[in-house]
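So the chains spell out like this:
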Amino acid sequence: MKSRSQDQSLSDSRDLDRSYDPLTGNPPSKPNKKTIKQRFLKLLPCFRSGSGSSVAQSNITDDAELSTVHCRPEGLDHLVQKTNFSKKELQVLYRGFKNECPSGVVNEETFKSIYSQFFPHGDSSMYAHFLFEAFDTRNNGSVSFEDFVESLSIILRGSINDKLNWAFNLYDLNKDGCITREEMTDIMHSIYDMMGKYTCPCMMDNAPNEHVDTFFQKMDKNNDGVVTIEEFLETCQKDESIMQSMHMFDSVI
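Just so we're clear, the structure is a prediction, and the values are computed from it rather than from any experiment.

1. As for the packing of aromatic side chains
Geometry of an aromatic ring pair is reported as the spacing of the ring centres plus the angle between the planes. Counting across every chain of the model gives 15 aromatic pairs. Ring geometry for Phe 135 versus Phe 148: centroids 6.3 Å apart, planes at 25°, classification stacked. Of this pair, Phe 135 sits in helix H8 (residues 125-135) while Phe 148 sits in helix H9 (residues 145-157), and the two are 13 residues apart along the sequence. This pair shows no difference in class: Phe 135 is buried, exactly as Phe 148 is. Taken together through their ring pairs, the aromatic side chains of Tyr 94, Phe 97, Phe 111, Tyr 115, Phe 118, Phe 119, Tyr 127, Phe 132, Phe 135, Phe 145, Phe 148 and Trp 166 make up a single cluster.

Okay, structure coming up:
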């Protein structure tokens, strides 16, 4: 006989996985946001062409799918409280996450493989590595569904301060509380590698280093060679273009 905790765990997983409804919320008003949304949803198997199963068919397969899930997520109500996603949105995200990773966790290689679908003409492996480390909040070499939706909630629905703090943590590669020139150089090179050689207009070889110089001219207020979280927040909050970019993903989901 299963213990009560096991039964509750199964119940939580079924609760997460029960809905097969499309994501809720108003559609984005700008074409570029719609394109981002479509590309994002294509990474979730439940939105790919040919996968539009009915709710009844989806529920029938739940028990079989659950048998392969080794790392079940926290209860749905708990995740609704911890994130800015609705119950239905979490259910859809969970189905897509579980279909990609039946074990319930994503390792770095799988994460890189999924992320590379966004940038087929470039090499996204290094940037995906940095991104994976930002998602891996427990520093255990894997990203659980909880890790995934908590970070996604900040990126898509968080406050300006939350988004900026998350970005700073991404750029602070060794997590020592400041961004060095070397760290930002690694980040910029990974971004240019990810975008590929066939951008228009073509990017110059020294473009990453020029961006690093611009970053430090703006951010390093006391010229000590590092950017602290205080400097980062102050500069970003006064930069109109950065503030606008913080809202770019507001209508993705």
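2. Concerning helix H11 (residues 181-195)
With 15 residues, H11 extends 21 Å between its outermost C-alpha atoms, agreeing within 8% with the 21 Å of an ideal straight helix rising 1.5 Å per residue. Where H11 is buried, its residues touch helix H7 (108-116), H8, helix H10 (160-171), strand E3 (178-180) and helix H12 (207-219).

3. Brief notes about the pattern of salt bridges
Here the structure, examined in full by the defined rule, presents seven salt bridges. Put simply, Asp 213 and Arg 181 hold a salt bridge, and the shortest N to O gap is 2.7 Å. Here Asp 213 is found in helix H12, whereas its partner Arg 181 is found in helix H11, with 32 residues between them in sequence. By relative accessible area, Arg 181 is classed as partly exposed at 36%.

4. Some thoughts on the environment of Asp 147
Mapped onto the elements, Asp 147 comes out in helix H9. Distance in space between the C-alpha atoms of Asp 147 and Val 106 is 10.0 Å, their sequence separation being 41 residues. Ignoring any residue separated from it by four or fewer positions in sequence, one finds Asp 147 in contact with Phe 135, Thr 137, Arg 138 and Ser 142.

5. A closer look at unusual backbone geometry
Phi is positive for Asn 139, close to 55°, though the residue is something other than glycine. Locating Asn 139 in the fold gives a position in the loop between H8 and strand E2 (143-144).

6. Looking at the environment of Phe 216
Looking at the element boundaries, Phe 216 is found in helix H12. Separated by 16 residues in sequence, Phe 216 and Phe 232 have C-alpha atoms that sit 10.0 Å apart.

7. Details of H10
Here H10 contains 12 residues, and its C-alpha end-to-end distance of 17 Å stays within 8% of the 16 Å for a straight helix at 1.5 Å per residue. For H10, the set of buried residues is Lys 163, Leu 164, Trp 166, Ala 167, Phe 168 and Leu 170.

8. Considering the nonpolar core
Of all hydrophobic cores here, the largest spans 50 residues; its most connected members are Phe 145 and Phe 232. For this core, the element with the most residues is H8, which contributes seven residues.

9. What about the packing of H8 against H11?
Two elements in contact, H8 and H11, have axes separated by 7 Å at closest approach and are oriented at 130°. Classified by the angle their axes make, H8 and H11 are oblique. On the side of H8, the interface is formed by Met 126, Tyr 127 and Phe 130, while H11 contributes Asp 186, Ile 187, Ser 190, Ile 191 and Met 194.

10. Notes on the packing of H7 against H8
Between two packed helices, what matters for the description is the angle formed by their axes and the separation of those axes. Orientation of H7 relative to H8, taken along the N-to-C sense of each, is 125°, at an axis distance of 9 Å. Here H8 runs oblique to H7, going by the angle between their axes. Here H7 and H8 pass one another in a crossing that is right-handed. On H8, the residues touching Glu 108, Phe 111, Lys 112 and Tyr 115 of H7 are Ser 125, Tyr 127, Ala 128, His 129, Leu 131, Phe 132 and Phe 135.

11. What about the side chain of Thr 185?
Within the secondary structure, Thr 185 is located in helix H11. Judged by its relative accessible area of 18%, Thr 185 is buried. The residues touching Thr 185, leaving out its near neighbours within four places in the chain, are Asn 209 and Val 212.

About the cut-offs
Residues numbered from 1 in each chain as written. Predicted model: local features only at pLDDT ≥ 70, side-chain atom pairs only at ≥ 80, totals over all residues. Heavy atoms only, no water. Phe/Tyr/Trp six-rings, centres within 6.5 Å; stacked < 30°, edge-to-face > 60°. Helix = DSSP H or I, 4+ residues; strand = E, 2+ residues; numbered from the N terminus. Buried < 20%, exposed > 50% of the residue type's maximum accessible area, 1.4 Å probe, protein only. Expected span 1.5 Å × (residues − 1). Contact = heavy atoms within 4.5 Å. Salt bridge = Lys/Arg side-chain N within 4 Å of Asp/Glu carboxyl O. Core = buried A, V, L, I, M, F, W, Y, C linked by side-chain atoms within 4.5 Å. Axes fitted to C-alpha atoms, helices over the stretch in contact; angles between N-to-C directions. Parallel < 35°, antiparallel > 145°, perpendicular 65-115°, else oblique. Left-handed = near helix turned anticlockwise from the far one by under 90°.

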